[in-house]
Amino acid sequence: MHPIPAPKGAVYKAVPMLANESVLLVEMFYEVKNRKPWQLIRIGFDRIQLDEHGQYILTTEEMGNKFYNICHFGLASAEELSKREEPVAIPKAPVVPNAKEKETLISFIKGKYPLLWKNSPASIELSIKSRLNSHSDLINLVKKSTVIRRKNKIAVDKQDF
């Protein structure tokens, strides 16, 4: 676990010992009480690739990848997706920590911010569950739009006869 403060701009602080590694980036948003972390509001996860210096620079391309699902499916219904000319996109899988990463994160929070953990013990599991549920919803949306598209194609083909 290597705590890195939120960057100013798009350049994160380098961690040379993790050069050229793919790592789990964890963003914690929490309420503060008496200037101390009090309660977790949200935990975000992302996998990032560090460069040869152990640094991560958020590029425009990576920003597009982060918002892929929102760009392709945000506020779209199955009917709207089925009417699009291009093939329906496949939702990108959510980033969630593996068991070891989750254990490491929990022990870090318990050790560094015991009050934060005391007030938010289920927050990590809820965040993971929320991400998996959202992904499942997107998959179901794509399936529904594909069914609608097929029905519409069959109806058009019947009219051509």
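Structure first, text after, so check above.
Is there a simple way to think about the overall build of the protein chain in this case?
Assigned secondary structure in the protein chain consists of 6 helices and 2 strands. For the protein chain, the N- to C-terminal ordering of α and β elements is β-β-α-α-α-α-α-α. Dimensions along the principal axes, computed over C-alpha positions, put the protein chain at roughly 70 × 40 × 30 Å. Here the protein chain holds 161 residues, and the buried ones make up 26% of them. Here the analysis covers contacts within the protein chain between residues at least 6 apart in sequence; of these, 64% occur between residues at least 24 apart. Total accessible area on the protein chain is roughly 11,400 Å²; 57% of this is exposed by carbon and sulfur atoms. Placing the 25 positive and 18 negative side-chain charges of the protein chain at their respective mean positions leaves the two points 8 Å apart.

Where do I start with the environment of Gln39 in this structure?
Within the secondary structure, Gln39 sits in strand β2 (residues 36-49). C-alpha of Gln39 to C-alpha of Tyr113: the two residues are 74 residues apart in sequence and 10.0 Å apart in space. Excluding anything up to four places from it in sequence, Gln39 contacts Phe29, Tyr30, Glu31, Leu116, Asn119 and Ser120.

Explanation requested: the side chain of Ser123 in the structure shown.
Structurally, Ser123 can be placed in helix α6 (residues 123-160). A relative accessible area of 15% means that Ser123 is categorised as buried. At a separation of 2.8 Å, a polar atom in the side chain of Ser123 contacts the main-chain carbonyl oxygen of Ser120.

Teacher, can you tell me more about a nonpolar patch on the surface here?
On the surface, Met63, Phe67 and Ile70 cluster together into a nonpolar patch covering about 270 Å² of accessible area. As for its placement among the helices and strands, Ile70 is situated in helix α2 (residues 68-73). Relative accessible area serves as the criterion here: at 55%, Ile70 is assigned to the exposed category.

What counts, and where the lines are drawn
- Residues numbered from 1 in each chain as written.
- Predicted model: local features only at pLDDT ≥ 70, side-chain atom pairs only at ≥ 80, totals over all residues.
- Heavy atoms only, no water.
- Helix = DSSP H or I, 4+ residues; strand = E, 2+ residues; numbered from the N terminus.
- Buried < 20%, exposed > 50% of the residue type's maximum accessible area, 1.4 Å probe, protein only.
- Contact = heavy atoms within 4.5 Å.
- Areas by Shrake-Rupley, 256 points an atom, 1.4 Å probe, with all protein chains shown as cover.
- Lys, Arg positive; Asp, Glu negative; His and termini not counted.
- Charge placed at Lys NZ, Arg CZ, Asp CG, Glu CD.
- Polar contact = N/O pair within 3.5 Å; in protein donor to acceptor, adjacent residues only side chain to side chain.
- Patch = residues over 30% accessible without salt bridge, like charges linked within 9 Å, V, L, I, M, F, W, Y side chains within 5 Å.
- Salt bridge = Lys/Arg side-chain N within 4 Å of Asp/Glu carboxyl O.

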